[in-house]
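One letter stands for each residue in the lines below.
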Amino acid sequence: MMWTIWYWTISGRIYQMEQEKNFYTLIVFSENFAGVLNQVTSVFTRRQVNIESLNVSASSIKGVHKYTITCWSTENQIQIITKQMEKRIDVLQAHYFTDDEIFIQEVALYKLSTSGVLENPEVSRAVRRHGAQIVEVNPTYTVVSKKGLTEDIMSLYYALNEYRCVLQYVRSGRIAITKSCTEYLDEYLEERRKAFEELRVKDK
């Protein structure tokens, strides 16, 4: 994906440079305080980068929340965003990743017309073929759940939509964990704990 950046020189002349945009996942850890979400999203707003998806949840560490954010950006721009993010008072750490550096999952729900499902056996076949699950059935609607990568989820949506039985469709934001053997947040918190202990010893 290419985009154009316009530059103004001191002399007033304008020139343009083509840069390639890639899809990045930004993982941010912060303390669980009110207003942090606004701090995080404001960094993207100032850089005029659109957030594609945003997932916020508690992490494995008490009092620490995890933000998983996806966006299209150049590498230079995502580096700047990551550095600006870490300057926020309540943000502990921020790292950006490409898809080959993380394990990814999304969840989708499809609300289908039950009459459409019963009248056309191909609908049920499409659900089974895509590895999805039927989680609710009543006389009015049938709910199907599917987890996986974006392309897998969208593939099922397009297949079901061909049969004109989709009443509602929703897809969650991305959740991700890194493939690295290093847990950067644990290391950071341990370093901070040691620094705090050293200061406490000096004050005695």
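Values in this document were obtained by computation on a predicted structure and should not be read as measured data.

Engineer: Hey, could you go over the packing of aromatic side chains for me, with residue numbers and the actual values?
Structural biologist: Counted according to the given criterion, the structure contains five aromatic pairs. Of the aromatic side chains, those joined through ring pairs into one cluster are Tyr-110, Tyr-157, Tyr-158 and Tyr-169. Directly above the ring of Tyr-141 sits Lys-111, whose terminal nitrogen or CZ lies 4.5 Å from the centroid. Between the NZ or CZ atom of Lys-179 and the centre of the ring of Phe-103, over which it lies, the distance is 5.3 Å.

Engineer: Explain the pattern of salt bridges residue by residue, including any values.
Structural biologist: Overall, the coordinates contain three salt bridges when judged by the stated rule. One salt bridge connects Arg-174 with Asp-99, and the closest N-O pair in it is separated by 2.8 Å. With a gap of 75 residues between them, Arg-174 in the loop between strand E10 (166-171) and strand E11 (175-178) and Asp-99 in the loop between strand E6 (91-97) and strand E7 (102-113) connect regions that are remote in the sequence. For Arg-174, a relative accessible area of 5% puts it in the buried group. With a relative accessible area of 34%, Asp-99 lands in the partly exposed category. Arg-125 serves as the salt-bridge partner of Glu-122, at 2.7 Å between the closest nitrogen and oxygen. With a gap of three residues between them, Glu-122 and Arg-125 both fall in helix H4 (residues 121-129), about one helical turn apart.

Engineer: Could you give me a rundown of unusual backbone geometry, with the residues and numbers involved?
Structural biologist: One non-glycine residue with positive phi stands out, namely Gln-48, at about 55 degrees. A positive phi is found at Arg-164, a non-glycine position, where the angle reads about 55 degrees. Turning to its location among the elements, Arg-164 is positioned in the loop between helix H5 (150-161) and E10.

Engineer: Any details on the sheet that holds strand E4 (residues 51-58)? Residues and values, ideally.
Structural biologist: One open sheet accounts for four strands, arranged E4-E5-E3-E6; its pairing is antiparallel. Edge positions in the open sheet fall to E4 and E6, since each of these has one partner strand only. Here the average twist between neighbouring strands, direction ignored, is 15 degrees. With seven bridges connecting them, E4 and strand E5 (residues 64-73) associate as antiparallel partners.

About the cut-offs
Residues numbered from 1 in each chain as written. Predicted model: local features only at pLDDT ≥ 70, side-chain atom pairs only at ≥ 80, totals over all residues. Heavy atoms only, no water. Phe/Tyr/Trp six-rings, centres within 6.5 Å; stacked < 30°, edge-to-face > 60°. Lys NZ or Arg CZ within 6 Å of the ring centre and 35° of its normal. Salt bridge = Lys/Arg side-chain N within 4 Å of Asp/Glu carboxyl O. Helix = DSSP H or I, 4+ residues; strand = E, 2+ residues; numbered from the N terminus. Buried < 20%, exposed > 50% of the residue type's maximum accessible area, 1.4 Å probe, protein only. Pairing = 2+ DSSP bridges. Axes fitted to C-alpha atoms, helices over the stretch in contact; angles between N-to-C directions.

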